[in-house]
Amino acid sequence: MARQINVIKDGTESIFDFKKVDRAKLYGKRKRVVLDEDGENCVKAELSEDGSSIIRSGMTMQAYFGPDGEWVESKRIVGLDEEGNPVEKVPSTLGVGQELEEVEPGALSQNQTIAVYHLSPVEFDEALKKKLDEGSIFRFSFNYRADYSAEVGFLLSNAVGIFVLVTKAATPEWCQLKSVAVESFTDDSEIDDDLDFEMF
Amino acid sequence: MRKLHITNEKQRDATVGMLTLKPDPTPHMGLPGAELDYRRYIAAAESGLHDSLVKALGEEYGQALVDGDPEIDMEYVGRRIGRSDRIYLSHGGKVLHHAPEVVELIINPDGSERERRAPKEVLANVTEEIPARWTGKRIKKRDVVRRFVLTRTVPLQHVDGLTYDFLYGMAKDLHDSDEMMLMGGGESGKQPLILIPNGSPYRGLLEGRVDGERYILLLHLSNMELKLPAEGEKKA
């Protein structure tokens, strides 16, 4: 049975099937390909920093290593908070009713949207449908698969349908007269990368 | 820090700072009480890849791996990979002896190829000379978030006392009206914003918040509407 998004408002549960919506499915996409002298697609690879090795796909792995260089099995790795203390794993929220909280639009706009799902109702509480039709926005905890932190889901609707936007929480800082933006000569490249939207 | 050239309602322009809005911290992976390093390393030499093993040992090489570990190059496997450069090899995996051709593909929503062309160079349309313009087109915040997916958000910050007044005024105007302002790029001030050369065009929507003398001014960037692919566009 396909997994579903279940939400609860005032004690009444609504259940939705969901399907991911992405930009390429709406508008198509543009991509650049590199062709060799025969007009065939080139193969991506890497050249090591010292120039001694060509590293092809399938030749590398990633893993955790201890201070003495010993390999640490991935099954021993856990989530840690900022103080280094282990945190509980957060189970998947799919198929499990999540409480809805009505929020203002700013709660959504300040977060970073990472996925969009279109919902098809399976069981739809009339009171919730009415609120969504009126333009209300609801926040709930969303976790596609079990890991160490849940994302923030926002449930809303428009003339086209019902959507869930999955976001990462972000908190913009207040600006005050006494704190001006400071010129930095070290992090331009980092921010440039940040603004290379092609990667998304 | 990157700068943004921007105008206000009166089309007065100023150059302000663009900050990065980072997600709130989430748990990181590790072992309690241990300093771990997450590294890439060489797991197989070229001679240990599937194609090479087939060439050397034939299709049924599984038992040979168990018997003699021919896929493991003890001199090479386990080496840490530091910085590296992206390179391209021919489709047959050979080193190229002249510059490859770069082609841009335009792909339809259904995955089919619409066009194949030489890459077009796209200039930024928000620069030191051309500001991001306050278009005067206001949209209620609630309508914005129900219509557009806000892909990225760039907080703007003053760089001196004058730009504090400039940005605070914009933030207060938008806060009081509970609206966002559509920002336009290019000479006409009506185009979607292209902030970097060869970057994608984005709708820019400015959101302001004030609290006493404090303000938050967020430039939201969107390249996606909240809708369905053409064939499935119907009210659920």
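Residues numbered from 1 in each chain as written. Chains lettered and ligands numbered in written order. Predicted model: local features only at pLDDT ≥ 70, side-chain atom pairs only at ≥ 80, totals over all residues. Heavy atoms only, no water.

The helix and strand tally for chain A stands at four helices and 14 strands. When the 200 residues of chain A are sorted by exposure, 43% land in the buried category. Contacts in chain A between residues at least 24 apart in sequence constitute 64% of all its contacts with a sequence separation of at least 6. For chain A, the exposed area adds up to about 11100 Å²; of that, 47% sits on carbon and sulfur atoms. (Helix = DSSP H or I, 4+ residues; strand = E, 2+ residues; numbered from the N terminus. Buried < 20%, exposed > 50% of the residue type's maximum accessible area, 1.4 Å probe, protein only. Contact = heavy atoms within 4.5 Å. Areas by Shrake-Rupley, 256 points an atom, 1.4 Å probe, with all protein chains shown as cover.)

If you look at the interface, chain B gives 106 residues, while chain A gives 110 residues. Carbon and sulfur atoms make up 59% of the area that chain B and chain A hide from each other, which totals about 10200 Å². Across the contact surface, chain B and chain A share five salt bridges. A salt bridge links Glu46(B) to Arg56(A), with the nearest nitrogen and oxygen atoms 3.1 Å apart. In this structure, the connection of chain B to chain A is made through 39 residue pairs in polar contact (both at pLDDT 80 or more). When residues of the side of chain B that touches chain A are assigned to their parent elements, the largest contribution, seven residues, is made by strand S6 (residues 101–107) of chain B. A breakdown of the residues in the side of chain B that touches chain A according to their chemical character gives 53 nonpolar, 19 polar and 34 charged. Inspection of the sheet shows strand S3 (residues 29–35) of chain A paired to S6(B) by seven bridges, in the antiparallel sense. (Buried area = accessible area lost by both parts, 1.4 Å probe. Salt bridge = Lys/Arg side-chain N within 4 Å of Asp/Glu carboxyl O. Polar contact = N/O pair within 3.5 Å; in protein donor to acceptor, adjacent residues only side chain to side chain. Nonpolar A, V, L, I, M, F, W, Y, C, P; charged D, E, K, R; others polar. Pairing = 2+ DSSP bridges.)

Spatial ordering of the open sheet is given by S5(A)-S4(A)-S5(B), a layout of three strands whose pairing is antiparallel. At either end of the open sheet lies a strand with only one pairing partner, and these are strand S5 (54–55) of chain A together with strand S5 (84–89) of chain B. The pairing of strand S4 (residues 43–48) of chain A with S5(B) spans six bridges and is classified as antiparallel. Paired with Val43(A) across the strands is Leu89(B), a residue of S5(B).

What follows concerns the nonpolar core. Leu4(B), Ile6(B), Leu156(B), Leu206(B), Tyr215(B), Leu217(B) and Leu219(B) are the most contacted members of the largest nonpolar core, which has 29 residues in total. Among the elements of the structure, strand S1 (2–7), strand S2 (13–18), strand S10 (152–157), helix H4 (161–177), strand S11 (179–184), strand S12 (203–211) and strand S13 (214–222) of chain B are those that each provide at least two residues to this core. When residues of this core are assigned to their parent elements, the largest contribution, seven residues, is made by H4(B). Not counting residues within four places of it along the chain, the set of residues in contact with Leu156(B) comprises Cys175(A), Leu4(B), Ile6(B), Val16(B), Gly17(B), Met18(B), Leu167(B), Leu206(B), Tyr215(B), Leu217(B) and Leu219(B). Counting 24 residues, the second-largest nonpolar core is a separate cluster that includes Leu26(A), Leu108(A), Ile137(A) and Val152(A). (Core = buried A, V, L, I, M, F, W, Y, C linked by side-chain atoms within 4.5 Å.)

Moving on: the pattern of salt bridges. Using the criterion set out here, one finds 26 salt bridges over all chains in the structure. Among the charged side chains, a network of salt bridges with common partners joins Arg30(A), Arg32(A), Glu104(B), Glu115(B) and Arg117(B).

It is worth spelling out unusual backbone geometry at this point. Peptide bonds are trans in most cases, and residues, glycine excluded, mostly fall at negative phi. All names here are of chain A. Positive phi, normally seen in glycine, also occurs at Asp10, with a value near 50 degrees. On the secondary structure map, Asp10 appears in the loop between strand S1 (5–9) and strand S2 (12–21). Here Asp10 falls in the exposed class, since its relative accessible area comes to 67%.

Further remarks concern the pairing of S1(B). Residue and element names in this part refer to chain B. Burial of S1 is extensive: five of the six residues sit out of reach of the surface. Sheet topology places S1 next to S2; six bridges connect them, and they run antiparallel. Bridged to Lys3 within S2 is Gly17. The hairpin formed by S1 and S2 contains five residues between the paired strands, and Gln11 there has a positive phi angle of roughly 60 degrees.

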